[in-house]
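# Fold and contact review
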Amino acid sequence: MRNAMPISMKSIADCRNRVSEHQDMAKPIGGTKTAASIEEKGRGRPIKRVREKTSEPIQTLAEAVAARIREKVISGKLTPGSHLSEIALSEELQVSRNTLREVFRLLTKEGLLRYEANRGVFVATPSMSTIIDIYRIRRFIEIPSLAQAHPRHPAVKKMRASVDAAHRCRDADDWLGVGSADIGFHAAIVELADSPRLAGFYAQVSLELRLVFGLLQDPEFLHAPFIDQNTLIVTQVENGNSAAAAEILEAYLAQAERFILSAYARVASASSRGFE
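This section reports on the structure supplied with the text. The model shown is predicted, which means the values in this text are computed figures rather than measured ones. (Residues numbered from 1 in each chain as written. Predicted model: local features only at pLDDT ≥ 70, side-chain atom pairs only at ≥ 80, totals over all residues. Heavy atoms only, no water.)

## Points about the pairing of strand S7 (residues 120–123)
Convention followed: In this description, strands pair whenever DSSP reports at least two bridges between them. Numbering of helices and strands runs from the N terminus; a helix is a DSSP stretch of H or I covering at least four residues, while a strand is a stretch of E covering at least two.
The pairing of strand S5 (residues 83–84) with S7 spans two bridges and is classified as antiparallel. Bridged to leucine 84 within S7 is valine 121. Pairing between strand S6 (residues 113–116) and S7: four bridges, direction antiparallel. Residue pairing across strands places leucine 113 opposite valine 123, the latter belonging to S7.

## Description of the nonpolar core
Put simply, the rule reads: Take the buried Ala, Val, Leu, Ile, Met, Phe, Trp, Tyr and Cys residues and link them wherever side-chain atoms come within 4.5 Å; each set so joined is a nonpolar core. Residue exposure (1.4 Å probe, protein chains only): buried if accessible area is under 20% of the type maximum, exposed if over 50%, otherwise partly exposed. It only takes one pair of heavy atoms within 4.5 Å for two residues to be counted as in contact.
Membership of the largest hydrophobic core comes to 40 residues, with the highest contact counts inside it found for Tyr135, Leu146, Met159, Leu192, Ile233, Leu249 and Ile260. Of all the elements in the fold, those that place two or more residues in this core are helix H5 (128–147), helix H6 (154–171), helix H7 (175–191), helix H8 (196–215), helix H9 (219–238) and helix H10 (242–274). With ten residues, the single largest contributor to this core is H10. Ignoring anything within four residues of it in the chain, the contact list for leucine 146 reads Met159, Ile189, Leu192, Ile233, Val237, Ser242, Ala245, Ala246 and Leu249.

## Quick word on the pattern of salt bridges
Let me state the cut-off plainly: What counts as a salt bridge is simple: a side-chain nitrogen of Lys or Arg found within 4 Å of a carboxyl oxygen of Asp or Glu.
Applying the stated criterion across every chain, the model contains 13 salt bridges. A salt bridge links glutamate 102 to arginine 105; its shortest N-O distance comes to 2.8 Å. Of this pair, glutamate 102 and arginine 105 both sit in helix H4 (residues 97–110), three residues apart, which is roughly one turn of that helix. The partly exposed category is assigned to glutamate 102, whose relative accessible area is 31%. Take arginine 105: its relative accessible area is 45%, and that puts it in the partly exposed class. The network of salt bridges with shared partners includes Glu86, Arg97 and Arg101.

## Describing H9
Applied cut-off: In this analysis, the expected span of each helix is defined as 1.5 Å times one less than the number of residues it contains. Given a residue, its bend is the angle between the two axes fitted to the seven residues that end at it and to the seven that start from it.
The end-to-end C-alpha distance of H9, which contains 20 residues, comes to 28 Å, matching closely the 28 Å that a straight helix rising 1.5 Å per residue would cover. Approximately 30° is the largest bend angle found in H9, and it occurs at isoleucine 227. Looking at H9, one finds that the buried residues are Glu220, Leu222, His223, Phe226, Ile227, Gln229, Asn230, Ile233, Val234, Gln236 and Val237. Within two residues after H9, glycine 240 carries a phi angle of roughly 85°, on the positive side.

## Here we look at the packing of aromatic side chains
The following threshold applies: In summary, the pairing rule links any two rings of Phe, Tyr or Trp, Trp by its six-membered ring, whose centres are within 6.5 Å, and it sorts them by plane angle into stacked for under 30 degrees, edge-to-face for over 60 and tilted for everything else.
Scanning all chains against the criterion turns up three aromatic pairs. On the numbers, 5.9 Å between centres and 90° between planes, the contact of phenylalanine 226 with phenylalanine 259 is edge-to-face. In this pair, phenylalanine 226 sits in helix H9 while phenylalanine 259 sits in helix H10, placing the two residues 33 residues apart along the sequence. Joined through ring pairs, the aromatic side chains of Phe221, Phe226, Tyr252 and Phe259 make up one cluster.

The values are spatial; any link to function lies outside them.
Laid out in structure tokens, this is it:
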């Protein structure tokens with residue numbers, strides 16, 4: 001592994017900001033926003049305007065806080081097995097503990113968190129069967145989406161932007177940023193299918209994928225081999241060779257699955273020896 005050069009915190013912060021610009025994360029949908037009643041003076045008496053409903057969605061407080069915790073998982077700040085303290089999080093997020101419990105309920109239902117009696121709430125830890133299932137789903141969704149891609153589809157620009165962000169993060173030695181850029185790249189592939197429902201479903205898969213990444217304690221070892229492969233895939237699409245790009249992706253996902261399962265097995269083996 002190469003020796004890391006000293007990197008300024010400003011470079012890493014700039015890199016992560018650029019990554020976040022190119023990610024298209026699914027946003028929870030809340031109720032219906034209404035315009036407030038407005039009183040205006042006319043001819044010497046107040047006139048009340050009727051409340052008007054709009055179709056713009058708003059988030060409840062619990063959904064907004066849940067989105068912030070999801071972002072902490074996506075960015076790698078919260079790793080699998082991390083304990084979530086109600087007191088610390090309610091102070092950090094400036095919400096009541098009742099609201100936070102509702103957030104925990106939402107995220108536990110999604111599979112992002114798990115509750116243990118008498119111990120509290122933890123970030124979920126994926127199993128080997130979960131990893132296998134995630135990659136099965138990725139093959140079902142990503143490969144057909146890429147095979148039918150048009151080179152001028154807007155999502156292709158997002159793919160290129162994510163690749164560029166990954167290169168910048170690699171140069172800044174920000175490997176968590178590289179991981180975020182990689183997730184953004186594959187989310188853009190799914191957007192090629194032009195299905196909002198499919199993109200929303202994949203956003204949940206991406207959260208679980210980040211948990212898988214978080215199990216492995218060497219993000220450079222995990223992500224470095226795939227930066228150039230992502231570059232090759234998007235270049236093929238830009239050149240009108242979507243079928244060839246899909247073939248590369250199929251081999252890529254098989255390689256990534258084997259790679260992660262092997263690393264997972266090593267981590268699990270080391271953990272079990274630690275308890276002997």
